[in-house]
Amino acid sequence: MALMNCKLAIVYSSVTGNTEEVASILYTASKQNFTDVSLYPVHNFPMKKLEEFDAIMVGTYTWGNGEIPREMVAVYKAFEHANKKNIVTGVFGTGDSFYPHFCGAVDAFKNMLFVNTTLAATLKIELTPQDGDLKRCFQFVESIARRVSPLMV
Ligand SMILES: Cc1cc2nc3c(=O)[nH]c(=O)nc-3n(C[C@H](O)[C@H](O)[C@H](O)COP(=O)(O)O)c2cc1C
């Protein structure tokens with residue numbers, strides 16, 4: 001199948017590697033769909049060039065009591081402070097259902113991205129991705145692709 005002409009960024013934060021693992025699965029799956037895919041640990045993400053991307057996947061773990069990790073706050077604010085409805089987004093993350101607010105940071109991003117961007121998909125994974133999560137990762141990428149395609153014509 002022909003690749004979709006789309007500039008996609010995956011930006012994520014990870015301390016113990018779980019979210020990084022999901023990001024790298026999504027990176028592999030995305031390269032099967034889109035022409036231009038970049039994977040950025042949050043500190044390398046070109047925040048000021050947000051609007052150059054057709055699609056952005058945001059990946060975050062959850063900290064504190066269901067909170068966004070400190071290093072992801074700048075990403076949150078970058079989306080929050082402008083209307084970016086032309087950017088298709090998805091948010092993914094890992095969390096631990098032992099905590100009262102499982103993947104709270106994913107929910108916080110989801111609510112904000114729904115208002116400010118074209119949010120296409122959400123994905124929450126319990127700690128390290130398991131074999132059964134692979135399909136959900138591919139479905140996440142497909143949901144992004146379906147929303148990007150009408151915007152590309
Ligand atoms: C101090 C602390 C607080 C946490 N709070 C939450 C939480 O509120 N909700 C949740 O789902 N997971 C919570 N977690 C679990 C992490 O989000 C989870 O282990 C995640 O997979 C870590 O991602 P990483 O491996 O990409 O760093 C917490 C972990 C720690 C150490």
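Just so it is clear, the structure is predicted and the values come from calculations on it, not from any experiment. (Residues numbered from 1 in each chain as written. Predicted model: local features only at pLDDT ≥ 70, side-chain atom pairs only at ≥ 80, totals over all residues. Heavy atoms only, no water.)

1. Looking at the nonpolar core
In terms of nonpolar packing, the biggest core is built from 25 residues, with Leu8, Ile10, Leu26, Phe34, Met57, Phe92 and Ile144 touching the most fellow members. Taken together, the elements giving at least two residues each to this core come down to strand S1 (4-12), helix H1 (18-31), strand S2 (34-41), strand S3 (55-60), strand S4 (84-95), strand S5 (117-126) and helix H4 (131-152). Considering each element in turn, this core owes the most residues, six residues, to H4. Dropping the residues within four chain positions of it, Ile144 is found in contact with Phe34, Ala55, Met57, Val88, Thr89, Gly90 and Ala120. Counting 21 residues, the second largest nonpolar core, distinct from the first, contains Val42, Val58, Cys103 and Val106. (Core = buried A, V, L, I, M, F, W, Y, C linked by side-chain atoms within 4.5 Å. Buried < 20%, exposed > 50% of the residue type's maximum accessible area, 1.4 Å probe, protein only. Helix = DSSP H or I, 4+ residues; strand = E, 2+ residues; numbered from the N terminus. Contact = heavy atoms within 4.5 Å.)

2. Quick word on the pairing of S4
Among the twelve residues that make up S4, ten are buried, leaving the element largely enclosed by the rest of the structure. Judged from the six bridges that link them, S3 and S4 form a sheet pairing that is parallel. Among the inter-strand pairings, Thr60 is bridged to a residue of S4, identified as Gly93. Bridging between S4 and S5 involves nine bridges; their strand directions are parallel. When the bridges of S5 are listed, Val88 appears paired with Thr118. As a crossover connection, the stretch from S4 through helix H3 (residues 104-116) into S5 is right-handed. (Pairing = 2+ DSSP bridges. Right-handed = clockwise from strand over helix to strand, strands pointing away.)

3. Considering unusual backbone geometry
Residue Cys103 is not a glycine yet carries a positive backbone phi of 50°. Among the secondary structure elements, Cys103 is positioned in the loop between S4 and H3. Given the relative accessible area of 1%, Cys103 is considered buried.

4. Description of the UniProt feature "domain: Flavodoxin-like" (unreviewed entry) in the chain
When the UniProt feature table is mapped onto this chain numbering, "domain: Flavodoxin-like" (unreviewed entry) sits at residues 8-145. Counting secondary structure, residues 8-145 comes out at 36% helix and 30% strand; the distance between its end C-alpha atoms is 10 Å. (UniProt positions renumbered as here; feature names shortened; annotations may be inferred.)

5. A closer look at the side chain of Ser13
Position of Ser13 relative to the elements: it lies in the loop between S1 and H1. In terms of polar contacts, Ser13 uses its side chain to reach the side chain of Glu71, at 2.3 Å. Other than its neighbours up to four places away in sequence, Ser13 contacts Thr19, Val42, Gly59, Thr60, Tyr61, Glu71 and Met72. (Polar contact = N/O pair within 3.5 Å; in protein donor to acceptor, adjacent residues only side chain to side chain.)

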